[in-house]
Amino acid sequence: MKTRICGTGSALPKRVVKNEDLSKIMDTSDEWIRSRTGIASRHLAVEETLAGLAAKAAAQALEEAEIAAEDLDMILAGTISADRLLPCELQRELGAAKAVAFDINAACSGFLFALQTADAYIRSGQYRNILVVGGEILSKLMDWNDRSTCVLFGDGAGAAVVRPDEAYGILSSVQGSDGARGGVLSCGGRRNNNPYVTNSTALSFVTMDGQAVYKFAVRTVPKAITEAVERAGLTVEDIDLFVLHQANIRIIESVSKRLRVSMERFPTNLSECGNISAGSVPVLLDDVNRRGLLNKGDKVVLAGFGAGLTWGASVLIW
Ligand code: ACO
């Protein structure tokens, strides 16, 4: 039994912010951002909620999969930036009364970890119709006075409906995490007025040692992909498309070089979307799906990596 993606969807906020727009409000430039990251613009949520974006993406995925929200057994949402800290908002938005819903925090690996969790539930026989979502409004976790992080990220959500299938679906998966090195990418928790705790910490934002993250990504991702592909009984040559987390074009180019696979097989949306963290893999997957770049029987690698540190890769027959 395999876990097959039967439908995809995505939603991006209306507001597009170009590098030039950022250079008007902070000391940065289109040239700096574009040459180091490949990002030209990003969508930022102004009025949208994450649950609203996720529900829009989910509706498209459900439509393609020809499943009603009421028939969902489970909803797994990979995110670190939910509108509220408590779960099940998307379930309420969709009216998916029968589903069991919870969120998964694995930062930029959130969609991969949610998909792999769904795969385990499906292979165990416990659930059949699962909605897997990855989405973020990271713009609310950024320090907008820190030009080295806030220019990198964008907001959005992507979704996939998965179901059991005999022939098509996930062939193999690899997951990893390394909390010992987690300090290279960090974001503190929220403060409150607990009278028993002296809380002197300032407001907390995402902080990052960019070069350490770069080194982690270019070493770990090719290894994880190679391992997942070998577990599937394939070679990287057999893979038609590599849908990677969109952190930085230089990371993707390095992975392509290390695997000795042409960049043509690595679709990107980084230029228009920036880094959507848990949203980047499902938003890009929906994009390639809707552009008709995925044919039945194609072999596809999905790979995510990021804070935690965390990483995950799955190999699928589409
Ligand atoms: N505009 C202009 N100058 C800037 C900006 C900016 N937005 N941000 C930083 N700088 C300056 C710095 O202040 C520094 O100036 P200085 O030399 O006078 O001190 C200079 O640019 C170089 O800064 P570095 O941080 O060394 O720049 P680097 O070349 O390493 O590029 C980057 C930074 C793009 C983040 C790079 O380290 C990288 O690609 N890291 C990978 C990590 C990544 O992509 N993270 C995304 C989120 S994590 C994830 O999704 C896995």
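Overview of the structure. (Residues numbered from 1 in each chain as written. Predicted model: local features only at pLDDT ≥ 70, side-chain atom pairs only at ≥ 80, totals over all residues. Heavy atoms only, no water.)

## A word on the sheet that holds strand 6 (residues 130-136)
So, point 1. Taken in spatial order, the five strands make up an open sheet running 1-7-6-4-5, and their pairing is mixed. Of all the strands in the sheet, the pair left with one neighbour each is strand 1 (2-11) and strand 5 (100-104). The mean inter-strand angle of the sheet, taken between neighbouring strand axes irrespective of direction, is 20°.
So, point 2. Where strand 4 (residues 74-78) meets strand 6, five bridges bridge the pair, whose relative direction is parallel. Opposite G78, over in strand 6, you have G134 as the bridge partner.
So, point 3. Sheet strands touched by helix 5 (residues 110-124): strand 1, strand 4, strand 5, strand 6 and strand 7 (156-165). Its angle to strand 6, the strand with the most contacts, is close to 170°.
So, point 4. Each of strand 1, strand 6 and strand 7 touches helix 10 (residues 280-290); the most contacted strand, strand 1, lies at about 95° to it. (Pairing = 2+ DSSP bridges. Helix = DSSP H or I, 4+ residues; strand = E, 2+ residues; numbered from the N terminus. Axes fitted to C-alpha atoms, helices over the stretch in contact; angles between N-to-C directions. Contact = heavy atoms within 4.5 Å.)

## A word on the pairing of strand 12 (residues 299-306)
Along a regular strand, successive side chains alternate from one face of the sheet to the other.
So, point 1. For strand 12, the buried fraction is high: seven of the eight residues fall into the buried class.
So, point 2. As defined by bridge partners, strand 11 (residues 241-244) adjoins strand 12 across four bridges and the pair is classed as parallel. Bridged to V243 within strand 12 is L302.
So, point 3. From the end of strand 12 to the start of strand 13 (residues 310-317), which pair antiparallel, there are three residues, and G308 there has a positive phi angle of about 135°. (Buried < 20%, exposed > 50% of the residue type's maximum accessible area, 1.4 Å probe, protein only.)

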